[in-house]
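This is what each chain is made of:
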Amino acid sequence: MKAVDFEHGRVGTNIFKSAVPMLVAQVFSLLYNIVDRIFIGRIHGVGTAALGGVGLCFPIIILILAFTNLFGTGGAPLFSIALGARDKPSARRIQNTTFTMLSAASLVLMLIFLIFSKPLLIRFGASDAALQYALPYLRIYLIGTFFVMTGTGMNMFINAQGFPMVGMLTVILGAVSNLILDPLFIFAFGLGVRGAAIATVISQAGSALFALLFLHGRRTLFKLHFLRPKEWAGALTDARNIITLGTSGFIMQFTNSLVQMACNVMLSRYGGDLYVSVMTIVSSVRQFLEVPVLAISEGSSPVLSYNYGAGKGQNVKSGIRIMAAAGMLYTLVVWILILWKPHFFISIFSNDKTILVDAVPALRIYFFAFIFQALQFAGQTTFKALGKSKQAIFFSLFRKAVMVVPLTFLLPGVFGLGTDGVFMAEPISNFVGGTACFITMLLTILPELNKMKPANQTLQ
């Protein structure tokens, strides 16, 4: 598979070549958990309750992804910048430092969450009825923490090296395995939610092994290995830079976990277990529908990083324009579809007709102003890709921690909006946070890019 030519290729073409495989990879990546929910929601007699129980595990699952982002989204842009500057020793060291950090963190997190899984689920709003589904699913899922973190985190380096097709295949392998194994373990073996978790762990293991073997093979730019003792001194600076830049991605997922926890707690209080199931469906629809805009952003990231490292400011500006325009067009279409056909999207995750009465208005409220999320992604991706960690961290915190979490607690009770208030917090934050992030990015980044020399720019 031919690598993307970041040095000589057109900006728009490189974004397309990177984004399309990432789009496919993101779609299949969702199958790890989305397919679980699709099948769990159809377990006879207990599907809705089981779906709500699994939804209570999301804050912990998202926390694992947060730590994956801390190292993966911190290391990959630095790796791309080093490649653009033709600093191969630094690029190699950054890759191996990231892998070592991911591996160590995965073992620590697995042990911590296995020990405290039950009290954490209770704090997240799990009733005794929901706990019987949430606890076994989570404990089995946690066994695969190493595979989740190294497979996802190091796949970013496959894409950063210009092999998005390989990155896509890495994810497809695990996702297709999950699609096949889920019904087998859930229904054929009669294991229910335990079967869904077992299928997911097996699938994640296959995906991770494929990624790690590629990064250790002959086609990769730098063979992957754990840091050796003689490399530790030089890697300390890299580790600090990785964590600094990756803090933005970490906070984005960490605050997502806080939001999910806040939603579950408030919905349990004002609507009961049924509304936790509704939130699980709404969150699943959002995850599914935001995949293309995420792929556009992630496909743009290595292109922006490489051209920024090479001093090609005009190319970076072209990349930002393409990323923002494509993201806004897509999210506008999604917004219209949600308003027009909400029943279709809900039916993907549940065949329980009684839940439609509550799920339809919740979905419409939640997706209102979805277009402004594209602005958040564009601004956030640009800050991360160009190594602007402080700005990226600020806007990660601003939208979720400063806006969504407080609104989730205030709107239902203080403003008397009940369960509707929980779902309103998201569109309000999309409008305010997304607009602020994008405008600030334009005001701070464009002047810097304009100062770069126009020589050696490639065409859009």
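Details of the structure are given in the entry above.
Conventions and cut-offs
Residues numbered from 1 in each chain as written. Predicted model: local features only at pLDDT ≥ 70, side-chain atom pairs only at ≥ 80, totals over all residues. Heavy atoms only, no water. Helix = DSSP H or I, 4+ residues; strand = E, 2+ residues; numbered from the N terminus. Rg over C-alpha atoms; globule rule 2.2 N^0.38 Å. Buried < 20%, exposed > 50% of the residue type's maximum accessible area, 1.4 Å probe, protein only. Contact = heavy atoms within 4.5 Å. Areas by Shrake-Rupley, 256 points an atom, 1.4 Å probe, with all protein chains shown as cover. Lys, Arg positive; Asp, Glu negative; His and termini not counted. Charge placed at Lys NZ, Arg CZ, Asp CG, Glu CD. Core = buried A, V, L, I, M, F, W, Y, C linked by side-chain atoms within 4.5 Å. Salt bridge = Lys/Arg side-chain N within 4 Å of Asp/Glu carboxyl O. Phe/Tyr/Trp six-rings, centres within 6.5 Å; stacked < 30°, edge-to-face > 60°. Bend = angle between axes of the 7 residues up to and from the residue. Polar contact = N/O pair within 3.5 Å; in protein donor to acceptor, adjacent residues only side chain to side chain. Axes fitted to C-alpha atoms, helices over the stretch in contact; angles between N-to-C directions. Parallel < 35°, antiparallel > 145°, perpendicular 65-115°, else oblique. Left-handed = near helix turned anticlockwise from the far one by under 90°. Nonpolar A, V, L, I, M, F, W, Y, C, P; charged D, E, K, R; others polar.

(A) How the structure looks around the overall build of the protein chain. Secondary structure assignment for the protein chain yields 17 helices and zero strands. Its C-alpha atoms give the protein chain a radius of gyration of 21 Å, within 12% of the compact-globule value 23 Å for 460 residues. In terms of principal-axis extent, the alpha carbons of the protein chain reach across some 65 × 45 × 35 Å. The 460 residues of the protein chain split such that 60% are buried. If you take every contact in the protein chain between residues at least 6 apart in sequence, the share linking residues at least 24 apart comes to 82%. In the structure as shown, the protein chain presents an accessible area of about 18,100 Å², 70% of it carried by carbon and sulfur atoms. Within the protein chain, the 16 negative side-chain charges are centred at a point lying 9 Å from the centre of the 34 positive side-chain charges.

(B) Quick peek at the environment of Gly74. Here Gly74 is to be found in helix α3 (residues 58-84). Under the relative-accessibility criterion, Gly74 is labelled buried at 0%. With 79 residues separating them along the chain, Gly74 and Gly153 place their C-alpha atoms 9.7 Å apart. Apart from the residues lying within four places of it in its own chain, the contact partners of Gly74 are Asn69, Ile242, Leu245 and Gly246.

(C) Up close: the nonpolar core. Membership of the largest hydrophobic core comes to 67 residues, with the highest contact counts inside it found for Ile40, Phe79, Leu121, Tyr137 and Met154. With 13 residues, α3 is the single largest residue contributor to this core. Judged by nonpolar contacts, the second largest core, of 34 residues, contains Leu267, Tyr275, Ile346 and Val405.

(D) Layout of the pattern of salt bridges. Within this structure, the stated rule accounts for five salt bridges. Between Glu448 and Lys388 there is a salt bridge, with its nearest N and O atoms 2.9 Å apart. A residue pair is termed long-range when its members are at least 10 positions apart, and Glu448 in helix α17 (residues 418-451) and Lys388 in the loop between α15 (371-385) and α16 (389-413) qualify at 60 residues. Overall, the relative accessible area of 18% leaves Lys388 in the buried class.

(E) Molecular detail of the packing of aromatic side chains. Counted under the stated rule, the structure contains 18 aromatic pairs. When the ring of Phe39 is compared with that of Phe187, the centres are 6.2 Å apart and the planes differ by 70°; the resulting orientation is edge-to-face. Within this pair, whereas Phe39 is found in helix α1 (residues 11-40), its partner Phe187 is found in helix α7 (residues 164-188), the two being separated by 148 residues in sequence. Ring geometry for Phe344 and Phe345: centres 5.3 Å apart, planes at 75°, overall edge-to-face. Counting every residue linked through ring pairs, the aromatic cluster contains Phe383, Phe394, Phe395 and Phe398.

(F) Seen up close, helix α4 (residues 88-123). At Ser117, α4 shows its maximal kink, close to 65°; a proline, Pro119, follows between one and four residues later. One or two steps after α4, the chain reaches Gly125, where phi turns positive at roughly 105°.

(G) Broad picture of unusual backbone geometry. One non-glycine residue, Arg86, lies in the positive phi region at around 60°. Turning to its location among the elements, Arg86 is positioned in the loop between α3 and α4. Residue class for Arg86 comes out exposed when judged on its relative accessible area of 59%. The phi dihedral of Ala369 falls on the positive side, at around 70°, and the residue is not glycine. Turning to its location among the elements, Ala369 is positioned in the loop between α14 (356-366) and α15.

(H) Just the side chain of Thr200, in detail. Along the polypeptide, Thr200 turns up in helix α8 (residues 192-215). Classification of Thr200 by relative accessible area gives buried; the value is 0%. A polar atom in the side chain of Thr200 sits 2.9 Å from the backbone oxygen of Ala196.

(I) Looking closely at the packing of helix α2 (residues 47-55) against helix α5 (residues 128-142). Orientation of α2 relative to α5, taken along the N-to-C sense of each, is 50°, at an axis distance of 7 Å. Considering the angle they form, α2 stands oblique to α5. The way α2 lies across α5 gives a crossing that is right-handed. Contacts between α2 and α5 involve Ala49, Ala50, Gly53 and Val54 from the first element and Ala130, Tyr133, Ala134 and Tyr137 from the second. Taken together, the residues of the contact of α2 with α5 sort by class into seven nonpolar, one polar and no charged.

(J) Here's a closer look at the environment of Val35. Examined against the element boundaries, Val35 turns out to sit in helix α1. In the structure, Val35 is positioned 392 residues away from Pro427 in sequence and 26 Å away in space, judged by C-alpha atoms.

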